[in-house]
Amino acid sequence: MNHSSLQPILIRLAEVADAERIVQIQYQALQTQCAKDYTQQQLNALLEDKSRKRSWNETIFVAEINNEIVGFAALLQALSSIGAAYVDPNFTRRGIGTKLLAEVEREAMLYNIKILGVMSSLTACPFYEANGYDAIAESSIRVRGVQVPCIALKKRLIPQTSVGERIYHLFVLFVLTLLLFSIFSTILLRL
């Protein structure tokens, strides 16, 4: 076992100063891990597209080991979607991606996002499925004029209430409303 795999993983919000390392990790991960799932033309389009800095209208978390950024994940709140999740190829299979994903999910729940989606690469699809995401459709995105296949997945973060629970809550609300109405009526009649 590698000594660095025993080091604690710190997850924190990304800072502007982290942008270059984030791009580097994304580029390296695509280059090494996606080569088996994509043609060279598709991979080149992805690499060219992902060589620029990420948008800061995302909430981006980074994972650090010994003060070195080894992965990142991004939440697109406006789309209720994961914008990215990448781990440095030298640090895979250590739970870093799973910890980053859990942090993104916690953040999404703070924004009351009930269902979180992701447009995943073919390479990352098993990772998302292992973390409770369900594939809903095969798709593709157009990157630099090239069609790149991907998989749309989703995960319910906040449990859906049953019809029975909703009826019960409405009943309780109705009873409380009647009780308050009764109290206010009594107070008004005494005035």
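Going by the structure above, here's the rest.
Thresholds applied
Residues numbered from 1 in each chain as written. Predicted model: local features only at pLDDT ≥ 70, side-chain atom pairs only at ≥ 80, totals over all residues. Heavy atoms only, no water. Axes fitted to C-alpha atoms, helices over the stretch in contact; angles between N-to-C directions. Helix = DSSP H or I, 4+ residues; strand = E, 2+ residues; numbered from the N terminus. Parallel < 35°, antiparallel > 145°, perpendicular 65-115°, else oblique. Contact = heavy atoms within 4.5 Å. Nonpolar A, V, L, I, M, F, W, Y, C, P; charged D, E, K, R; others polar. Expected span 1.5 Å × (residues − 1). Buried < 20%, exposed > 50% of the residue type's maximum accessible area, 1.4 Å probe, protein only. Lys, Arg positive; Asp, Glu negative; His and termini not counted. Salt bridge = Lys/Arg side-chain N within 4 Å of Asp/Glu carboxyl O. Polar contact = N/O pair within 3.5 Å; in protein donor to acceptor, adjacent residues only side chain to side chain. Patch = residues over 30% accessible without salt bridge, like charges linked within 9 Å, V, L, I, M, F, W, Y side chains within 5 Å. Areas by Shrake-Rupley, 256 points an atom, 1.4 Å probe, with all protein chains shown as cover. Core = buried A, V, L, I, M, F, W, Y, C linked by side-chain atoms within 4.5 Å.

Caption draft 1: Representation of the packing of helix 1 (residues 19-33) against helix 2 (residues 40-49) within the structure. As a packed pair, helix 1 and helix 2 sit with axes 9 Å apart at the nearest point and diverge in direction by 175°. For the element pair helix 1 / helix 2, the angle class is roughly antiparallel. Along the contact surface, helix 1 presents Tyr-27, Leu-30 and Gln-31, while helix 2 presents Leu-43, Leu-46 and Leu-47. Counted by class, the contact of helix 1 with helix 2 contains five nonpolar, one polar and no charged residues.

Caption draft 2: Region of the structure containing helix 1. Given a rise of 1.5 Å per residue, 15 residues ought to cover 21 Å, and the 21 Å separating the end C-alpha atoms of helix 1 matches this to within 8%. Those residues of helix 1 not exposed but buried are Ala-19, Arg-21, Ile-22, Val-23, Ile-25, Gln-26, Ala-29 and Leu-30. The inward-facing, buried residues of helix 1 abut helix 2, strand 2 (59-65), strand 3 (68-76) and strand 4 (81-87).

Caption draft 3: The arrangement of the side chain of Glu-107 in detail. Residue placement: Glu-107 occurs in helix 3 (residues 96-110). Buried and without a salt bridge, Glu-107 has Arg-106 as its closest oppositely charged side chain, separated by 8.1 Å. Apart from the residues within four sequence positions on either side, Glu-107 is in contact with Thr-59, Phe-61, Leu-75 and Gln-77.

Caption draft 4: Just the side chain of Arg-12, in detail. Take Arg-12: it is sitting in strand 1 (residues 10-13). A polar atom in the side chain of Arg-12 sits 2.8 Å from the side chain of Asp-18. Excluding residues within four positions of it along the chain, Arg-12 makes contact with Asp-18, Ile-60, Phe-61, Val-62, Glu-64 and Ile-69.

Caption draft 5: Broad picture of a nonpolar patch on the surface. On the surface, a cluster of nonpolar side chains totalling about 680 Å² of accessible area is made up of Tyr-168, Phe-171, Val-172, Phe-174, Val-175, Leu-176 and Leu-178. For Tyr-168, the location among the structural elements is in helix 5 (residues 163-190). The class of Tyr-168 is exposed, set by a relative accessible area of 53%.

Caption draft 6: Geometry of the nonpolar core. Among the nonpolar cores identified, the biggest contains 25 residues, and Ile-82, Ile-96, Val-104, Leu-116, Tyr-128, Tyr-133 and Leu-153 are the most heavily contacted of them. Elements represented by at least two residues in this core include exactly strand 2, strand 3, strand 4, helix 3, strand 5 (115-121), helix 4 (125-130) and strand 7 (146-156). Examining the composition of this core, we find that five residues originate from one element, helix 3, more than from any other. For Leu-116, the residues in contact, after removing those within four places along its chain, are Leu-75, Ser-80, Ser-81, Ile-82, Val-104, Glu-105, Ala-108, Tyr-133, Leu-153, Lys-154, Lys-155 and Leu-157.

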